[in-house]
Amino acid sequence: MTTAIDGLAGGGVDLDIADFDLLNLPDDFVARAYEYFAALRANSPVHRNSDGSFLLTRYDDLVTAYRDTSVWSSDKKIDFRPKFGSSPLYEHHTTSLVFCDPPDHTRIRKLFQAAFTRKALAALTPRIHALVDSYLDRLEDQRGMEVVADFSFRLPMEVVCDMLGVPGDDRELIRDWALLILGALEPVLSEAQFKDGCRAVENFKAYLRDQIKALKDNPSARREGEILSALVAAEEDGEKLTEIELLHQCIFMLNAGHETSTNMLSHGVHEMLRHPAQIALLRAEPGCIETMAEEVLRFQAPIQINNRRALRDTELSGRHIPAGSIVHLMIGAANHDPEQFPAPETFDIARRPNRHLSFGLGIHICAGNTLARIEAEIAFGKLFTRFPSLRLEAPAKLSKRIRFREVTELKVAI
Ligand code: HEM
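Residues numbered from 1 in each chain as written. Predicted model: local features only at pLDDT ≥ 70, side-chain atom pairs only at ≥ 80, totals over all residues. Heavy atoms only, no water.

Visitor: Would you explain the packing of helix H10 (residues 191-217) against helix H11 (residues 227-236) in this entry?
Guide: When two helices pack together, their arrangement is given by the angle between their axes and by how far apart the axes lie. At a minimum axis separation of 11 Å, H10 and H11 run at an interaxial angle of 75°. Relative to H11, the element H10 lies roughly perpendicular. Along its contact with H10, which presents Gln 211, Ile 212, Leu 215 and Lys 216, the element H11 presents Leu 228, Ser 229, Val 232, Glu 235 and Glu 236. Considered class by class, the residues forming the contact of H10 with H11 number 4 nonpolar, 2 polar and 3 charged. (Axes fitted to C-alpha atoms, helices over the stretch in contact; angles between N-to-C directions. Helix = DSSP H or I, 4+ residues; strand = E, 2+ residues; numbered from the N terminus. Parallel < 35°, antiparallel > 145°, perpendicular 65-115°, else oblique. Contact = heavy atoms within 4.5 Å. Nonpolar A, V, L, I, M, F, W, Y, C, P; charged D, E, K, R; others polar.)

The following block contains the structure:
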C-alpha cells in the first residue's frame with residue numbers, strides 16, 4: 001500500500017494527539033508525519049503508547065538516549081521474545097551488532113571498522129563513480145524515468161553487494177530477503193510477515209554459508225578490504241566471532257546498507273525537484289553538494305525510528321520513565337525540532353550547522369555513514385549536472401511503513 005506525499009511542511013501544532021498511538025496510527029500519518037511530530041513535540045514530547053512504550057520527539061531527548069548507554073540499552077533479547085519467540089527472526093535481530101550492548105557490541109564493531117577505513121572507502125569510490133555514470137548513460141535517450149527502479153535502488157545495492165562479494169545474478173534475491181527481514185521490525189507484524197521474515201533469514205543464512213565455504217576453500221579469492229573476507233578471518237581467529245555471529249552481521253550489513261541509502265537518494269531527487277531554487281543554487285555553487293546531502297538526510301530521515309530500553313528509572317523532558325520501558329526515538333521528529341534547526345520545515349541545501357540524527361549518535365552511530373555520504377554526493381552531483389531540467393511528473397509515493405520512510409515510486413521527466 002502506498003500514499004502520496006504532498007503538503008509535508010509545517011503546521012500541525014494544533015493537531016489533537018491526545019489519543020495518538022504508535023500501534024494504531026491515524027490513516028494520514030505517513031502523509032502528515034511532520035505535522036503529527038510538531039504536535040507531539042509541543043504537547044506531549046514523551047508520549048505514552050497503548051502498550052506502555054514511549055515516543056520521544058524532542059532532539060535533546062534523543063541525544064540523551066543515544067549517548068547515555070548506562071541508562072539506555074540497545075539489547076533486544078527481552079523486547080523481541082514475545083514478538084519473535086525463538087524463531088530465526090529472533091536469532092537474527094538479537095545477534096546483529098546494532099541490537100547488542102557492550103562488551104559484545106564493542107568486540108563486533110571493532111571488526112567492522114576494517115571495511116570502513118578511509119583506504120577501503122577510497123578503493124570503492126571509483127566504482128561508485130562508474131556505476132552512477134552507467135545509470136545516467138542509459139537515461140540519455142529516455143524521456144522519463146522512475147527514479148527508484150532506474151537510479152536510487154541500484155547504486156546502494158551494487159555497492160553493498162560488492163563489499164560482501166555477492167555475485168550480480170543473486171542481487172534481486174538478496175533484496176527480497178532483506179525487505180522481508182527488515183519488514184518484520186515494523187511495530188505491528190502480521191502472521192504472514194512473520195513467516196516470510198523467518199524463511200528469509202533461513203534462506204539468507206544458507207546462502208551465506210555457501211559463500212563463506214567458498215572463501216574458506218579458496219583463500220586466494222579473498223580480497224583485501226572486502227568485508228566478508230575480513231569477517232571470515234575474524235571468525236577463523238576463534239574467539240572474535242562465532243559462525244552464527246558472522247552470518248548475522250553479514251545479513252545485517254546487506255540490510256543496513258541498501259534500503260536506507262536507496263531512500264536517501266529517492267528523497268533527495270524528490271526534494272530537489274520540489275524546490276527548483278535549490279537546484280539553481282547547487283548549479284551555481286557545486287561546492288554545496290556536501291551540505292545538500294546533509295539536508296536531504298535531515299529533511300527526510302530514511303530510518304525514522306530507533307529503539308532503546310531503560311535499564312533503570314529515569315526522566316526525560318520532566319516525565320518519569322520506569323525501568324524496563326521501551327522508548328521509540330523518532331528521528332524524523334528530532335530532525336525537525338525548531339529548538340535545534342531554525343526554520344526546520346525549510347529545505348535549505350546550504351544549511352549549516354546541520355547536526356541531524358539520521359545516522360543516530362554515540363556508540364551505535366551508523367558504521368556506514370561515510371559510505372552513504374560518498375554515495376549521495378556522487379549520485380546527486382552527477383544527476384543534477386547531467387540532467388539540469390529534470391522535473392516531477394507526480395509527487396513521490398510513500399509506503400505505509402513507518403520505521404523506514406520509503407519511496408515506492410517517483411516519476412520524473414527528463
Ligand atoms: C542513508 C543511509 C543510512 C542511514 C540513514 C543509516 C542509518 C543508521 C542508523 C540510524 C543507525 C543507528 C541505529 C541505532 O543506534 O539503533 C545505523 C547503524 C548502522 N548502520 Fe547505517 N544507515 C545508512 C547506511 C548504511 C550503510 C551504507 C551501511 C553499510 C554498508 C550501514 C551500516 C550500519 C551498521 C553496521 C550499523 C550498526 C552500528 C552499530 O550498532 O554499532 N548503514 N545506521
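Once the structure has been displayed, the description carries forward.
Visitor: Help me understand the state of the cysteines, please; the structure alone is not making it clear to me.
Guide: Formally, a disulfide is one covalent bond, and it connects the sulfur atom of one cysteine to the sulfur atom of another. This model, assessed by the stated rule, comprises 0 disulfides. With no disulfide of its own, Cys 100 lies 14 Å from the sulfur of Cys 250, the closest cysteine sulfur. Overall, Cys 100 belongs to the buried group, its relative accessible area being 5%. (Disulfide = S-S within 2.5 Å. Buried < 20%, exposed > 50% of the residue type's maximum accessible area, 1.4 Å probe, protein only.)

Visitor: Help me understand the site of the ligand, please; the structure alone is not making it clear to me.
Guide: By nearness alone, 30 residues border the ligand, and His 105, Arg 109, Arg 308, His 364 and Cys 366 come closest of all. A distance of 2.7 Å separates an oxygen atom of the ligand from a polar atom in the side chain of Arg 109. Between the ligand and Arg 308, the relevant distance is 2.8 Å, taken from an oxygen atom to a side-chain nitrogen or oxygen of the residue. Of all the elements in the fold, those that place two or more residues in the shell around the ligand are helix H5 (104-113), helix H12 (243-274), strand E6 (305-310) and helix H16 (369-386). (Near = heavy atom within 4 Å. Polar contact = N/O pair within 3.5 Å; in protein donor to acceptor, adjacent residues only side chain to side chain.)

Visitor: Any chance you could explain the packing of aromatic side chains here in plain terms?
Guide: To describe a pair of aromatic rings, you give the distance between the ring centres and the angle between the ring planes. Enumeration over the complete set of coordinates arrives at 11 aromatic pairs. With centroids separated by 5.6 Å and ring planes inclined at 45°, the aromatic side chains of Phe 20 and Tyr 36 adopt a geometry described as tilted. With Phe 20 in the loop between strand E1 (2-4) and helix H1 (33-43) and Tyr 36 in helix H1, this residue pair connects regions lying 16 residues apart in the sequence. Among the residues examined, Phe 20 registers a relative accessible area of 7% and is labelled buried. We classify Tyr 36 as buried; its relative accessible area is 7%. Taking 5.9 Å as the distance between ring centres and 80° as the angle between the ring planes, the aromatic pair formed by Tyr 34 and Phe 37 counts as edge-to-face. Pair noted here: Tyr 34 and Phe 37 are both in helix H1, with a separation of 3 residues, about one helical turn. For Phe 37, a relative accessible area of 2% translates into the label buried. (Phe/Tyr/Trp six-rings, centres within 6.5 Å; stacked < 30°, edge-to-face > 60°.)

Visitor: Before we go on, may I ask you to explain the coordination of the iron atom of the ligand in this structure?
Guide: Ideal geometry at a metal centre gives angles of 109.5 degrees when four donors are arranged tetrahedrally and 90 or 180 degrees when six donors are arranged octahedrally. No other protein atom reaches the iron atom of the ligand as a donor apart from Cys 366 (SG), found 2.3 Å away. Position of Cys 366 relative to the elements: it lies in the loop between helix H15 (331-334) and H16. (Donors = N, O, S within 2.8 Å, 3.2 Å for Na, K, Ca; no water.)

Visitor: Would you mind showing me how to read helix H9 (residues 171-183) here?
Guide: Structural remark: α-helix, 3.6 residues per turn; residues separated by three or four positions point the same way. The first and last C-alpha atoms of H9 sit 18 Å apart over 13 residues, in line with the 18 Å expected at 1.5 Å per residue. What H9 keeps buried is the set Arg 171, Ile 174, Trp 177, Ala 178, Ile 181, Leu 182 and Gly 183. Residues of H9 that are buried in the fold lie against helix H4 (88-95), helix H6 (118-139), helix H8 (154-164), H10 and H12. (Expected span 1.5 Å × (residues − 1).)

Visitor: Explanation requested: the layout of surface pockets in the structure shown.
Guide: Left-over empty space is what a probe sized like a water molecule reveals as it rolls over the atoms. Reported here for the second largest pocket is a volume of approximately 670 Å³. Forming the boundary of the second largest pocket are 25 residues, of which Glu 186, Gln 193, Lys 400, Arg 401 and Ile 402 lie nearest the centre. For the lining of the second largest pocket, the secondary structure elements donating two or more residues are H9 and H10. Its residues assigned to classes, the lining of the second largest pocket comprises 14 nonpolar, 5 polar and 6 charged. (1 Å grid on protein atoms, 1.4 Å probe; cavity = no way out; pocket = protein on both sides within 12 Å on 5 of 7 lines; lining within 4 Å. Points joined across faces, edges and corners; volume = space filled by probe spheres on them.)

Visitor: How do you make sense of the environment of Leu 173 when you look at a structure like this?
Guide: Following the sequence through the fold, Leu 173 ends up in helix H9. Overall, Leu 173 belongs to the partly exposed group, its relative accessible area being 40%. With 128 residues separating them along the chain, Leu 173 and Pro 45 place their C-alpha atoms 41 Å apart.

Visitor: Would you take a moment to explain the sheet that holds strand E2 (residues 46-48) for this structure?
Guide: Whether parallel or antiparallel, the strands of a sheet pair through hydrogen bonds between backbone atoms. A sheet is described by the order of its strands in space; here 5 strands give the open sequence E2-E3-E9-E6-E4, paired in mixed fashion. Here the strands that pair on one side only, and so sit at the sheet edges, are E2 and strand E4 (72-73). Relative to strand E3 (residues 54-56), E2 is paired through 3 bridges, and the arrangement is antiparallel. The residue of E3 that forms the bridge with Arg 48 is Phe 54. (Pairing = 2+ DSSP bridges.)

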